[in-house]
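Observations on the model geometry
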Amino acid sequence: MNHQIEQALKASIHEYSLANNQKSDVFSRRILEAFKIDKPYLEKVEYLDRVFDDFIHFDDLREVFFDLLLINFFTIDAAKLEADYLESPEWERIEDQTIDRGTELLNVLLYLRECKDEKISPELDDFLKEFLLVEEDEFQDEYRIYEPFIENQILVDSDYEGIATVAGKLDPDHEVADLFYPVMCFFSEPEPTEQQFDSYVKSSKNKSFDAAILALIIAYNQS
């Protein structure tokens, strides 16, 4: 299992459970099993879904953990397969079956992996313009999806309360509405102190989810 993924999972589950005053030992063990079992990718997805079905009070994290499962597959499982597996008809069928799964957090995590490889610090402007290429004509879907970030880049210099205020005004049906607050806060302060993290949670309108997502991103970035 990818070390970054494991640390991100543990941090996310810990903060989500803490915010909800829940026990998470069994859930955490089952989730890690889903990532570590030696099975084909779709069977891992089915196992992951069964865990969330059994622990429905963690369901807010289902699609985010799907993102992590996919990255874990790219970095660990795919290395055991043929070199061109990700271009094979079989993988194309898997993509078709899972096209509606996951969240836009996947792009953030892939960007952070690229930053680590290139030994650069993550920045919102770089993420939008150099990774997502939102200024290029052929990437206007990305521009539309990430428009709340594009229009509010100045918030990286704001406090958590200011970011939360803007997040609360977004269309709740927008693809990045749930992720706007934690992702923007990460780019504002990638390595918050414990006191800053507490302030972040205090300003949140969805404390357990937001705590889990920021903890996930921070752990992934630092691992």
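To keep things clear, this report deals only with the structure shown in the data block. (Residues numbered from 1 in each chain as written. Predicted model: local features only at pLDDT ≥ 70, side-chain atom pairs only at ≥ 80, totals over all residues. Heavy atoms only, no water.)

**Considerations on the side chain of glutamate 15**
- Counting through the fold element by element, glutamate 15 comes out in helix 1 (residues 3-20).
- As a buried residue without a salt bridge, glutamate 15 has its nearest oppositely charged side chain in lysine 207, at a separation of 12 Å.
- Ignoring anything within four residues of it in the chain, the contact list for glutamate 15 reads Phe197, Ala211, Ala212 and Ala215. (Helix = DSSP H or I, 4+ residues; strand = E, 2+ residues; numbered from the N terminus. Buried < 20%, exposed > 50% of the residue type's maximum accessible area, 1.4 Å probe, protein only. Lys, Arg positive; Asp, Glu negative; His and termini not counted. Salt bridge = Lys/Arg side-chain N within 4 Å of Asp/Glu carboxyl O. Contact = heavy atoms within 4.5 Å.)

**Brief notes about the packing of helix 10 (residues 160-167) against helix 12 (residues 194-203)**
- One can describe the packing of helix 10 onto helix 12 by two numbers: an axis separation of 9 Å at closest approach and a directional angle of 30°. Classified by the angle their axes make, helix 10 and helix 12 are roughly parallel. Of the two possible hands of crossing, helix 10 and helix 12 adopt the one that is right-handed. In this structure, helix 10 uses Tyr160, Glu161 and Ala164 to contact helix 12, whose residues at the interface are Gln196, Ser199, Tyr200 and Ser203.
- Among the residues forming the contact of helix 10 with helix 12, the class breakdown is three nonpolar, three polar and one charged. (Axes fitted to C-alpha atoms, helices over the stretch in contact; angles between N-to-C directions. Parallel < 35°, antiparallel > 145°, perpendicular 65-115°, else oblique. Left-handed = near helix turned anticlockwise from the far one by under 90°. Nonpolar A, V, L, I, M, F, W, Y, C, P; charged D, E, K, R; others polar.)

**Observations regarding the packing of aromatic side chains**
- Under the definition given, this model contains 24 aromatic pairs.
- Plain terms: the ring middles of tyrosine 111 and phenylalanine 127 are 5.2 Å apart, the flat faces sit at 55° to each other, and that makes the pair tilted. Of this pair, tyrosine 111 sits in helix 6 (residues 105-118) while phenylalanine 127 sits in helix 7 (residues 124-131), placing them 16 residues apart in sequence. Accessibility classification places tyrosine 111 together with phenylalanine 127 in one group, the buried group.
- Considering the side-chain rings of tyrosine 160 and tyrosine 200, the 5.6 Å spacing of their centres and the 75° angle between planes classify their relative orientation as edge-to-face. Linking tyrosine 160 in helix 10 with tyrosine 200 in helix 12, this pair joins segments that are 40 residues apart in sequence.
- Aromatic rings pair up to connect Tyr111, Phe127, Phe131, Tyr146, Phe149, Phe180, Phe186 and Phe187 into one cluster. (Phe/Tyr/Trp six-rings, centres within 6.5 Å; stacked < 30°, edge-to-face > 60°.)

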